[in-house]
Amino acid sequence: MERTEQRSSVLIAAQSEKIAVQIRGILPAGFGHVTFQPSIARVKQTLTEERTDLLIIYTPLSDDSGIQSILDLATKYPAMSVLLIVSKEAYQQVLYRAGDSGISVLARPISTGSFLSAIQMLQAMNRKIQRLLEENARLQRKLEDERYVSRAKALLIEKQGMSESEAHKYLEREAMNGSVTRREVALKVIRESGRIVIRG
């Protein structure tokens, strides 16, 4: 059941639509939205408009400005996997430039088996990155919650004369009685104290 929800979106960048169609034809089953763009400029525009899990770039492109623009994309969209397909002559230099950026590089000509292996590896990496990003977002939210709770406790101690233990129990009780989170109770305390909370 879980697998059906993991349909990746793919953006294929190739100067020739014929090449993009060939790449699309050998992608493994399970991919959802697959789009094609002929240039880095169009790739950049697409990435601002829609989420992409996998970017496959078949070089050279019509506005190819070297690997730096691709490195910039990989940095800007860390949750996106990038597969760069280059000429045999350029392979070693591009591989060196890619370094530890996370970009995968393949040299032409490529066997179907090698291509599929690279795609499967990138899919696995993408799922792992997504989980890490989700966990990071959860931890950031938890830290933010604790910051608001601590601020609310300090206000209850300062303005209501409560002890730290009493303030803690008050927030817990209000959250339970109102069937809301401690964050929501804390935000209410902060707002009622006259302090401005930008995010809630």
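Every value quoted in this text rests on a predicted model; they were computed, and no experiment measured them.

A few points about the nonpolar core
Leu55, Ile57, Val82, Leu84 and Ile103 are the most contacted members of the largest nonpolar core, which totals 22 residues. For this core, the secondary structure elements donating two or more residues are β1 (8–14), α2 (40–49), β3 (54–58), α3 (67–76), β4 (81–86) and α4 (91–98). It is α3 that contributes the most residues to this core, five residues altogether. Beyond its immediate sequence surroundings of up to four residues, valine 82 is in contact with Leu55, Ile57, Ile70, Ala74, Gly102, Ile103, Ser104 and Leu122.

Digging into the sheet that holds β1
Taking strand neighbours across the sheet as the criterion, the five strands line up as β2-β1-β3-β4-β5 in an open arrangement whose pairing is parallel. Where the open sheet ends on each side, the last strands, each with one partner, are β2 (31–37) and β5 (104–107). Taken over all neighbouring pairs, the strand axes of this sheet differ in orientation by 20° on average, direction set aside. Pairing analysis gives four bridges linking β4 to β5, with the strands arranged parallel. Note on β5: the bridge partner recorded for isoleucine 85 is leucine 106. Along the sheet face, α3 touches β3 and β4 and points at about 165° away from the line of β4. This element, helix α5 (residues 112–160), spans β1, β2, β3, β4 and β5 of the sheet and lies at about 155° to β4.

Re the pairing of β4
Of all six residues in β4, six are buried; the element is thus mostly enclosed. Side-chain alternation along β4 places Ser81, Leu83 and Ile85 on one buried face and Val82, Leu84 and Val86 on a second face that is also buried. Summarising the sheet, β3 and β4 pair through five bridges and their orientation is parallel. Looking at the pairing, leucine 55 lines up with valine 82 of β4. In terms of handedness, the path from β4 via α4 over to β5 forms a crossover that is right-handed.

Quick word on the side chain of serine 104
Positionally, serine 104 belongs in strand β5. In this structure serine 104 comes out as buried when scored by relative accessible area, which is 12%.

Observations regarding the layout of surface pockets
Within this model, the second largest pocket holds a volume of roughly 250 Å³. Lining the second largest pocket are 13 residues, with Tyr170, Val185, Lys188, Val189 and Glu192 sitting closest to its centre. Contributing elements (two or more residues each) for the lining of the second largest pocket: α5, α6 (164–178) and α7 (182–192). At five residues, the largest contribution of residues to the lining of the second largest pocket is made by α7. Residues that form the lining of the second largest pocket fall into these classes: six nonpolar, two polar and five charged.

Things to note about the pattern of salt bridges
According to the stated counting rule, one finds eight salt bridges in the structure shown. In this structure, aspartate 145 and arginine 183 form a salt bridge, with 2.5 Å as the shortest nitrogen-oxygen distance. Of this pair, aspartate 145 sits in helix α5 while arginine 183 is found in helix α7, placing the two residues 38 residues apart along the sequence. Overall, arginine 183 belongs to the buried group, its relative accessible area being 5%. In this structure, arginine 182 engages glutamate 146 in a salt bridge whose closest nitrogen and oxygen atoms are separated by 2.8 Å. Of this pair, arginine 182 sits in helix α7 while glutamate 146 sits in helix α5, and the two are 36 residues apart along the sequence. By sharing partners, the salt bridges in this structure join Arg141, Glu144, Asp145 and Arg183 into a single network.

Cut-offs used in this document
- Sequence order sets the numbering: in each chain, residues are counted from 1 along the sequence as written.
- Local features are withheld for residues below a pLDDT of 70 in this predicted model, meaning they are given only at 70 or higher, and side-chain atom pairs are given and counted only at 80 or more; totals for whole chains, interfaces and linings count all residues.
- Calculation of side-chain values draws on the structure's entire complement of heavy atoms; hydrogens and water are dropped beforehand.
- What is meant by a nonpolar core is a set of buried Ala, Val, Leu, Ile, Met, Phe, Trp, Tyr and Cys residues, joined one to another through side-chain atoms within 4.5 Å.
- Type-normalised accessible area, obtained with a 1.4 Å probe on protein chains alone, sets the label of each residue: buried when under 20%, exposed when over 50%, and partly exposed for intermediate values.
- Put simply, DSSP H or I for four residues or longer makes a helix, DSSP E for two residues or longer makes a strand, and each gets a number counted from the N terminus.
- In what follows, residue pairs with any heavy atoms lying within 4.5 Å of each other are defined as contacts.
- Only strands joined by at least two bridges in the DSSP assignment are considered to pair.
- Note on geometry: axes are C-alpha line fits, over the in-contact stretch for helices, and angles between N-to-C directions span 0 to 180 degrees.
- A clockwise path from the first strand over the helix to the second, with the strands pointing away from the viewer, defines a right-handed crossover.
- Grid points spaced at 1 Å over the protein atoms alone were grouped into cavities, where a 1.4 Å probe fits but cannot get out, and pockets, open sets with protein on both sides within 12 Å along at least five of seven lines, with lining residues defined by an atom within 4 Å of a point.
- Grid points are joined across faces, edges and corners, and a volume is the space filled by probe spheres set on the points.
- The nonpolar class holds Ala, Val, Leu, Ile, Met, Phe, Trp, Tyr, Cys and Pro. Asp, Glu, Lys and Arg form the charged class, and all remaining residues, Gly among them, are polar.
- By convention in these notes, a salt bridge is any Lys or Arg side-chain nitrogen within 4 Å of a carboxyl oxygen on Asp or Glu.

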